[in-house]
Amino acid sequence: MAQHTININATLNPSNKTISIEQKVTYNNTSKDTLNEIYFFDWANSFSAKTTPLGKRFADNYESAFHFEKKENRGKTDIHKIYNNSVVPLQWQRDKAVDILKIIPDIPLKPGDNYTFNIAYTVKVPDDKFTRYGVDKNNNYKLRYWYISPAVYDGEWQVYSNKNTDDLYLTPSHISINLNIPRIYNVTSDLNVEIETLSTKEKTIHLEGEDRNSAVLYIEKNPSFTTIETDKVSIVTNIQNSRVNPPVQALVIDRVAQFLHNKLGPYPFEKIVVSETDYKTNPVYGLNQLPSFISPFPDGFEYDMEHLKTITRHYIDNTLIFNPREDYWLQDALQIYLMMEYVDTYYPNMKIIGSLSNWWVIRWAHAANLEFNDQYPLLYLNMARNNIQQPLTISKDSLLKFNMNIANGYYGGSGFKYLNDYLGDNLLSESFKEFYIQNRLKPVKSSDFETFLSEKTDLPINWFFEDFANTRKTIDFKIKKVQKQGDSLIVSIKNNRKSKLPVSLYGLNDNNVVYKTWTKPIDSISTITIPSKDIKKLVLNHKGEIPEYNRRNNYKTVDGLLNKPIQFRLFQDLEDPSFTQFFFMPIFEYNLYDGVSAGIRLYNKTVLPKPVHFSFEPQYGFRSKKLVGGASVSYIHYLDEDKLYKMRYGFSGNYYSYDRGLFYKKFTPYITFSFRNDDLRDNEKQFINLRNINVYKDKNPNDPDQEPNYSVYNIQYVYSNPNLINYFRSVVDYEISSKFSKLSANLEYRKLFLSNRQLNLRFFAGVFLFNDTRENEDFFSFALDRPSDYLFDYNYYGRSEDSGLFSQQLVIAEGGFKSQLEPAFANSWMVTANASTNIWKWIYAYGDVGLVHNSNSGTTAVFDSGIRLSLVADYFELYFPLYSSLGFEPNLPHYDEKVRFIVTLSPQTLLGLFTRKWY
């Protein structure tokens, strides 16, 4: 018998997008405690305001659609009454979060007792643009988390808010639904359709399900689902692929169902409903997401993988009752592990880039040699190499979006492949099947699986659950030393991380494996003895079965100087750890004085970042007719556990034109200290930048008083906390050279109000501590609207222009003014404030005020105002001055020359628009 019984009488009202519900919940207390209150999930109400945990999560992820949506499209729950079977009203209240209910029964609920709650309420269905579930533009309904559900009590209440992490935790219950809908609609559900009654305008459908922990409904005017009968379970799907005909679709889905039956065991229900919405919520990330007309994969493969991932997820989630917020990692890892097993079985030769690996322009690349399953450790390493990986066992709502959707599941699945190879004899796969059959539809924890597995082997496995899954430490082994002793090799292996893990050791002869063994779990240095016969090279983790942070140090030749050969490649590639790689590629840049500069970039950076980067970029400027370019080298030291999480040391230099026929050289050694909070979802970060900028310029004959060569020491502190709702950034900057010393502070604040009004504020204050430059020289002075950029930090396209289009390029720095006013510089001190607010969508009004003090002319007050078109904030903007200290500027001559613009062409900078939503 199911633990609880949920009876729902629901009526859909499409005209106002609501569902009227009369619900009866019989709650069975199977615990050992007497319960004085019962908690319920009301996740439909998580859409009710911008300030709910769900609304805040959207803002944290820079997903602005929910914030800007009209209130009537966001969704909510209106509770009319809650009463017992005697129609006596019960006390209830919403918990601290609006999507959790606490109901107090009129008598305490003793162990073994049950109590029936009656709840009358109306659900306003949200627009599907927020989570893909809800009501779409055609008035079709995809309902998930739409009814009030009793929370789990297992000694304590497992209640938490909806944060769009797909992790509602419910006990399998008997669910009975009477659904009243207009006759034009059809319903698709995992639940069984018992009775369907038709009237003139209405349709009543009775749905039943035993041991169910969800009741997802698809209510459509035109049914899009097709049922495919297999020997094991019926699959109801609306995932379409026009390149796969129906007979092949049926064969593919039957194979998936048979595979899961063999790997896990029988599915306990009659059917599984998988939808396009399910798949898009959790797709197979990679090249198979490209449009079908440029897909590099064969017909049927994408359709197969889409159904494999979606069906597997339902198979696991509907039958293994884990706490999906705390033990989600085992569900995710098992899903990916099964997908990897499936590809190894049915697509053993599939490459990570599909048929592109056969193209003559690509097949030389290491990426062309990687198997499809190699993508899983690679996408995890994308996070690990940026030091933003997170433990598998961390609460799901604490994960970065990329880790939640991709990296952690991929790391877990790769970890199970690691564990399976270590245990041997396919022990892990057999254990999964036995564990599934024994624990299906029962509450379980990941610790239960650890206990279960440990009883199946004499090998230690605690390392997997403690050092692999429960920490964010990366994996890095190294062959430290190899000694010959008779017919044996004594191999010293070092674990570079403070963890205890085993590693595979291979003996190679001309890339052929002649020997393989596994070490015991190593936490520092371990020495093993192996036979030396036919072994020319030793390699750790040769097949990449371990998702290792750094495989470049895994190689050791038995005889010879170089452990790995050197390789030069055209264009950046995925890292091939068996080579020491160098890349070169053509580059093109532009500034007004060099014109288009073309050249070659020689570098060592692969797709995944490495600690040491170097780049050498000689270019030819077609306008200046000179060799220009730059070079840099840097080393990044990541720290795993401290608030100081990254130190970067480096040196850069470049040589370009700064005016017509005039060039500059800049050399800069630097070091940056980066700090963050323990919670990686917290955007708060702090930086300390130390650098010494050395500039050598050609002397300008038109400006003989200008300082040609100078050296500036710069210390900078940066505090940054960017968010969609509240954005804050501050910079304190100190510079000293032989001619001057200056101190400045820059504060930026951006607020998005509940009314959708946005306010942008910026404050700048700068003062010279001493200034021994010439009285009329403003090269090092604070600038009101266009800094001279003597440190060459800004990407000016025409930095020396004082007229024409390039002089109108705006960089918001120092004074931050948009109008070109006098005095334009301050050689003593300057204080300014900049503000803007939106008038309509991306149209803003702005205003600036400031005080400018020069030692020779005293203090001057200045102001300006105008209209800002923020097409892409901070990346593409136009500023139209209106009224300023000059008067009404549109009436002044040459107004078109007063318009200012911000244009960002850097791909790396534009990439930030994407990464901020995922990282």
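This text goes with the structure placed above it.
Residues numbered from 1 in each chain as written. Predicted model: local features only at pLDDT ≥ 70, side-chain atom pairs only at ≥ 80, totals over all residues. Heavy atoms only, no water.

S.K.: Which parts of the structure should I look at to understand the pattern of salt bridges?
M.R.: Evaluated as defined, the whole model comprises 34 salt bridges. We note a salt bridge from Arg-313 to Asp-332, for which the minimum N-O separation is 2.4 Å. Of this pair, Arg-313 sits in helix H5 (residues 301–317) while Asp-332 is found in helix H6 (residues 328–346), placing the two residues 19 residues apart along the sequence. There is no split in this pair, since Arg-313 and Asp-332 are both buried. Residues joined in a network through salt bridges with shared partners are Lys-163, Asp-167, Arg-325 and Asp-397. (Salt bridge = Lys/Arg side-chain N within 4 Å of Asp/Glu carboxyl O. Helix = DSSP H or I, 4+ residues; strand = E, 2+ residues; numbered from the N terminus. Buried < 20%, exposed > 50% of the residue type's maximum accessible area, 1.4 Å probe, protein only.)

S.K.: Where do I start with the sheet that holds strand S3 (residues 38–41) in this structure?
M.R.: Within a sheet, adjacent strands bond to each other through the backbone by hydrogen bonds, running parallel or antiparallel. Read across the sheet, four strands follow the order S5-S6-S3-S10 without closing on themselves; strand pairing throughout is antiparallel. Lying at the two open borders of the sheet, with one neighbouring strand each, are strand S5 (91–94) and strand S10 (149–150). The pairing of S5 with strand S6 (residues 100–104) spans four bridges and is classified as antiparallel. Bridging across to S6, Gln-91 finds its partner in Ile-104. (Pairing = 2+ DSSP bridges.)

S.K.: Teacher, can you tell me more about the packing of H5 against H6 here?
M.R.: For any two helices packed against each other, one specifies the inter-axial angle together with the distance between the axes. Packing of H5 against H6 leaves a shortest axis separation of 10 Å and a crossing angle of 140°. In terms of orientation, H5 and H6 fall into the oblique class. Judged by the sense of rotation from one axis to the other, the crossing of H5 with H6 is right-handed. On H6, the residues that touch Asp-304, Met-305, Leu-308, Lys-309, Thr-312, Arg-313, Ile-316 and Asp-317 of H5 are Gln-331, Asp-332, Leu-334, Gln-335, Leu-338, Met-339, Tyr-342 and Val-343. Here the residues of the contact of H5 with H6 sort into eight nonpolar, three polar and five charged. (Axes fitted to C-alpha atoms, helices over the stretch in contact; angles between N-to-C directions. Parallel < 35°, antiparallel > 145°, perpendicular 65-115°, else oblique. Left-handed = near helix turned anticlockwise from the far one by under 90°. Contact = heavy atoms within 4.5 Å. Nonpolar A, V, L, I, M, F, W, Y, C, P; charged D, E, K, R; others polar.)

S.K.: Help me out: how do you make sense of the packing of aromatic side chains in this one?
M.R.: Where two aromatic rings form a pair, the distance of their centres and the angle of their planes describe that pair. The full count for this structure, using the stated rule, is 74 aromatic pairs. Between Tyr-655 and Phe-663, the ring centres sit 5.2 Å apart and the planes meet at 10°, which makes this aromatic pair stacked. The buried category is assigned to Phe-663, whose relative accessible area is 5%. The side chain of Arg-255 reaches across the aromatic face of Tyr-346, ending 4.4 Å from its centre. Over the ring of Tyr-549 we find Arg-385; its NZ or CZ atom is 5.4 Å from the centre of that ring. (Phe/Tyr/Trp six-rings, centres within 6.5 Å; stacked < 30°, edge-to-face > 60°. Lys NZ or Arg CZ within 6 Å of the ring centre and 35° of its normal.)

Note that all results are geometric; they support no functional claim without further evidence.
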